[in-house]
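Here is how the chains run, residue by residue.
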Amino acid sequence: MRIIGLDPGLQHTGWGIIDQDGSRLSFVAAGRISSIASQPLAERLVEIHTGLVAVIDAHQPDTAAVEETFVNKNPTSTLKLGVARGVALLTPALHKLKVYEYPANLIKKSVVGAGHAGKEQVQMMVRVLLPASQAESPDAADALAVAICHAHHMGTLNRWGAKDFREALR
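This one's a predicted model, so the numbers in the text were calculated from it and none came from an experiment.

1. Comments concerning unusual backbone geometry
Next up, step 1: For Gln 60, which is not glycine, the phi dihedral falls at a positive 50°.
Next up, step 2: With respect to the helices, strands and loops of the structure, Gln 60 is situated in the loop between α1 (41-59) and β4 (63-67).
Next up, step 3: With a phi angle near 65°, Lys 96 is a residue other than glycine that sits in the positive phi range.
Next up, step 4: Structurally, the position occupied by Lys 96 is in the loop between α2 (75-94) and β5 (98-102).
Next up, step 5: The exposure class of Lys 96 is exposed, given its relative accessible area of 75%.

See the structure below:
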């Protein structure tokens with residue numbers, strides 16, 4: 001199974017693609033899509049969408065996993081992150097991919113073992129788990145972490161017949 005992980009952001013949206021064969025994970029590609037801060041919001045969202053379409057078309061993932069938005073102290077920043085996240089959810093769905101969502105703490109716990117791990121710890125563990133990865137940016141490393149988290153949880157979700165981890169816990 002090929003998984004695309006997405007770390008949404010208005011300035012930078014990270015993406016990472018891995019292949020899963022049983023318990024074996026292998027790095028495929030990673031990067032980030034950046035929007036121009038001086039552009040109107042709608043144009044920035046188009047840039048993110050267009051970039052994600054190109055990545056999905058090039059790598060043909062089977063499923064997508066997206067990091068959930070955390071609430072920020074600044075409501076304007078939270079709202080802008082939310083609309084970027086909307087594009088990150090919509091674009092793979094338009095490509096008929098099943099889209100899963102994971103909270104940041106679960107992603108960190110799945111990859112590092114601690115839900116409050118720092119970005120540096122996440123980047124280091126992504127390099128350990130995917131030695132071939134060359135995630136140059138923290139956004140790409142975070143996106144790979146999202147994909148790794150999904151790979152770790154996918155088997156359980158399938159066995160339980162759950163749509164997402166919240167349903168599995170009920």
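2. Regarding the pairing of strand β1 (residues 2-7)
Next up, step 1: Within β1, five of the six residues are buried, which leaves the element mostly enclosed by the surrounding structure.
Next up, step 2: In this structure, β1 lies alongside strand β2 (residues 12-21), joined through six bridges in antiparallel fashion. Bridge pairing in β2 places Ile 4 opposite Ile 17.
Next up, step 3: In this structure, the hairpin formed by β1 and β2 is closed by a connection of four residues.
Next up, step 4: By the bridge criterion, four bridges tie β1 to β4 in an arrangement that is parallel. Residue pairing in the sheet places Leu 6 in a bridge with Val 66 of β4.

So, how was this worked out
Residues numbered from 1 in each chain as written. Predicted model: local features only at pLDDT ≥ 70, side-chain atom pairs only at ≥ 80, totals over all residues. Heavy atoms only, no water. Helix = DSSP H or I, 4+ residues; strand = E, 2+ residues; numbered from the N terminus. Buried < 20%, exposed > 50% of the residue type's maximum accessible area, 1.4 Å probe, protein only. Pairing = 2+ DSSP bridges.

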